[in-house]
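Listed below, chain by chain, are the residues.
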Amino acid sequence: MNRRQFLKSAFFTTLGVAVLSACKKVTTQTKKLIEKVSTKKFDNIDISVIGFGLMRLPQKDGEPDIERTQEMVDYAIEHGINYFDTAWFYHGGKSELAAGKVLKKYPRNSYYLADKMPLRILKDKAEVIPVFEEQLEKCQTDYFDFYLAHNINKREWETLKQCNVYEQLLKKKQEGKIKYLGFSIHDTPELLEEVVKTYKWDFVQLPINPIDWDMVDAKKQYEIATKAGLPVVVMNPLKGGQLSSLNTKAVDLLKKENPDASASSWSLRYSASLPNVFTVLSGMTEIEHVTDNVKTFTNFKPLTEKEQSVLSNAISVYNSSGAISCTYCQYCTGCPVGIDIPKNFLIYNQYKATERKDRFVIAYESIKEENRADKCINCGVCKNKCPQKLDIPNLLKEMAKLYEELKK
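These notes cover the structure that comes with them. (Residues numbered from 1 in each chain as written. Predicted model: local features only at pLDDT ≥ 70, side-chain atom pairs only at ≥ 80, totals over all residues. Heavy atoms only, no water.)

1. Observations concerning the pattern of salt bridges
- Across all of its chains, the model carries 20 salt bridges by this definition.
- The residue Lys161 makes a salt bridge to Glu194 at a minimum N-O spacing of 4.0 Å. In this pair, Lys161 is assigned in helix H5 (residues 154-162) and Glu194 in helix H7 (residues 189-198), connecting sequence segments 33 residues apart.
- Take Lys161: its relative accessible area is 28%, and that puts it in the partly exposed class.
- Judged by its relative accessible area of 36%, Glu194 is partly exposed.
- With a closest N to O distance of 3.9 Å, Glu190 and Lys220 form a salt bridge. Residue Glu190 is located in helix H7, and its partner Lys220 is located in helix H9 (residues 218-227); the two are separated by 30 residues in the primary sequence.
- Look at the salt bridges and you will find they share partners, linking Glu133, Lys172 and Glu175 into a network. (Salt bridge = Lys/Arg side-chain N within 4 Å of Asp/Glu carboxyl O. Helix = DSSP H or I, 4+ residues; strand = E, 2+ residues; numbered from the N terminus. Buried < 20%, exposed > 50% of the residue type's maximum accessible area, 1.4 Å probe, protein only.)

Next comes the structure, spelled out in structure tokens:
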């Protein structure tokens, strides 16, 4: 190689290195552009302020759509969401399986997984550990970061005590199979106080949103947990989706204050603004839900005093519409005569939000005849299951009456 060829070769080698270096620099800069959601401290770890609830996943052929769920989870993790919540009952037992499938591509120490002991199915203390082991297998994991006694109410509280649930789960915690042990509750402040005083817990999961804060004593329950030193995970921050589809007058108030913010973002920020809340669970069904939540909680700021006032006014306007306070949790399913209660209530609340009589009639008639509100026999089975203590038979009767009136 002569001197000219050597210099030419050196020039292009240097140019290549420079180009590669520049590309590497651009790639690094691009990575930095991906902003992460804000976090709060729990114990000594950082938990994303918004958590991914795996209870309202997209469906395909009656089961969680794994491909779409994977896309949502990938986006969530890429943007810093690291808390994922599942349960035995979600999606008819398929949520835990979905969690195992979509999270297995990620290192186990890169996210926090929460699951729950299904108290409702327990008949004997010998069932507790087999159920727990089955959940580990379904989720394809060796341990749960957060584990809860699920949905404590008066009946399940007795089950928990009689089946020695706490003692058995505490042993699993000592074995390292559970990192933090807590419970969720849909009941009275009095029962919450009893549960808190009876056992030593690490955290509690409570339903908190702008409607329930005063209407169903969410404020008092939050105060009980805070006084007991129990950090709070928020469930039902959107009251089963009601607060993401407010009526037009309520939405107008929110849009006037902040045209770029979704209705959902207001209520999610409401719960996350509470100092003792370390994460707020959002049940996400579409990728748009994930992107909106990431937008809301990147550089998260608690609601200002003015924003609190605007939201309060919007909620008052919405409450005056007469919507049913249903969270669509599915606990009332299994009606003896086959009524699809959540679907009926969803249609009713959509009518209250839009005031479109024609759409209500069409939507009601789209429900299979045997699943409609007018088939209620007033047996009361659903009423006893409802965490919101709704008088479901009466509400179904009113809905059926409304349909007959509007049909005319």
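2. A word on the environment of Lys227
- With respect to the element layout, Lys227 can be found in helix H9.
- Using a relative accessible area of 80% as the deciding quantity, one classes Lys227 as exposed.

3. Describing the side chain of Ser282
- Assignment of secondary structure puts Ser282 in strand S12 (residues 277-283).
- Within the structure, the side chain of Ser282 is placed 3.0 Å from the side chain of Asn293, a separation counted as a polar contact.
- If sequence neighbours within four positions are ignored, Ser282 has contacts with Ile50, Gly51, Phe52, Gly53, Leu268 and Asn293. (Polar contact = N/O pair within 3.5 Å; in protein donor to acceptor, adjacent residues only side chain to side chain. Contact = heavy atoms within 4.5 Å.)

4. Focus: the packing of helix H10 (residues 248-257) against helix H13 (residues 305-319)
- Contact pair H10 / H13: the axes reach a minimum separation of 8 Å and the direction vectors enclose 165°. Taken together, H10 and H13 sit at an angle that is classed as roughly antiparallel. Relative to H13, the crossing made by H10 is right-handed. Listed contacts from H13 to Lys249, Ala250, Leu253, Leu254 and Glu257 of H10 are Lys306, Val310, Leu311, Asn313, Ala314, Val317 and Tyr318.
- Per-class residue counts for the contact of H10 with H13 are eight nonpolar, one polar and three charged. (Axes fitted to C-alpha atoms, helices over the stretch in contact; angles between N-to-C directions. Parallel < 35°, antiparallel > 145°, perpendicular 65-115°, else oblique. Left-handed = near helix turned anticlockwise from the far one by under 90°. Nonpolar A, V, L, I, M, F, W, Y, C, P; charged D, E, K, R; others polar.)

5. Description of the packing of aromatic side chains
- Applying the stated rule across the entire model yields 24 aromatic pairs.
- Judged by centre distance (6.4 Å) and plane angle (90°), the rings of Phe42 and Phe203 are edge-to-face. A residue pair is termed long-range when its members are at least 10 positions apart, and Phe42 in strand S1 (residues 39-42) and Phe203 in strand S10 (residues 203-207) qualify at 161 residues. Taken individually, Phe42 and Phe203 each receive the classification buried, so the pair is uniform in this respect. (Phe/Tyr/Trp six-rings, centres within 6.5 Å; stacked < 30°, edge-to-face > 60°.)

6. A word on the packing of helix H2 (residues 66-78) against helix H3 (residues 95-103)
- At their nearest, the axes of H2 and H3 sit 10 Å apart, and the two run at 60° to each other. Here H2 is positioned oblique relative to H3, judged by the angle of their axes. Pair H2 / H3 crosses with right-handed handedness. Residues Ile66, Thr69, Gln70, Val73 and Ile77 of H2 lie in contact with H3, whose contacting residues are Ala98, Lys101, Val102 and Leu103.

7. Digging into the pairing of strand S3 (residues 50-53)
- What you see with S3 is no split at all: Ile50 and Phe52 on one side and Gly51 and Gly53 on the other are buried throughout.
- With four bridges connecting them, S3 and S12 associate as parallel partners. From the neighbouring strand, Gly53 faces S12, where its bridge partner is Gly283.
- In this structure, S3 lies alongside strand S6 (residues 83-85), joined through two bridges in parallel fashion. (Pairing = 2+ DSSP bridges.)

8. A short note on the pairing of S1
- Covered by surrounding structure in S1 are Lys40 and Phe42 only, the residues Thr39 and Lys41 on the alternate face being uncovered.
- Two elements, S1 and strand S2 (residues 45-48), share four bridges in a ladder whose sense is antiparallel. What sits directly across from Lys40, in S2, is Ile47.
- Where S1 folds back on S2, the antiparallel hairpin that results is connected by two residues, among which Asp43 adopts a positive phi of roughly 55°.

9. So, the side chain of His186
- Along the chain, His186 falls in the loop between strand S9 (178-185) and H7.
- If near-sequence neighbours (up to four positions away) are discounted, His186 is found in contact with Asn151, Ile152, Asn153, Pro207, Met235, Asn236, Tyr331, Pro387, Gln388 and Lys389.

10. A short note on the sheet that holds strand S11 (residues 232-235)
- Sheet architecture is closed into a barrel: eight strands sit in the order S3-S6-S7-S8-S9-S10-S11-S12, paired in parallel fashion. When the angles between neighbouring strand axes are averaged without regard to direction, this sheet yields 30°.
- Pairing of S10 with S11, which is carried by four bridges, proceeds in the parallel orientation. Within S11, the residue paired with Pro207 across the bridge is Met235.
- The strands that helix H4 (residues 128-138) touches are strand S7 (112-117), strand S8 (144-152) and S9; relative to S7, the one it contacts most, it runs at about 150°.

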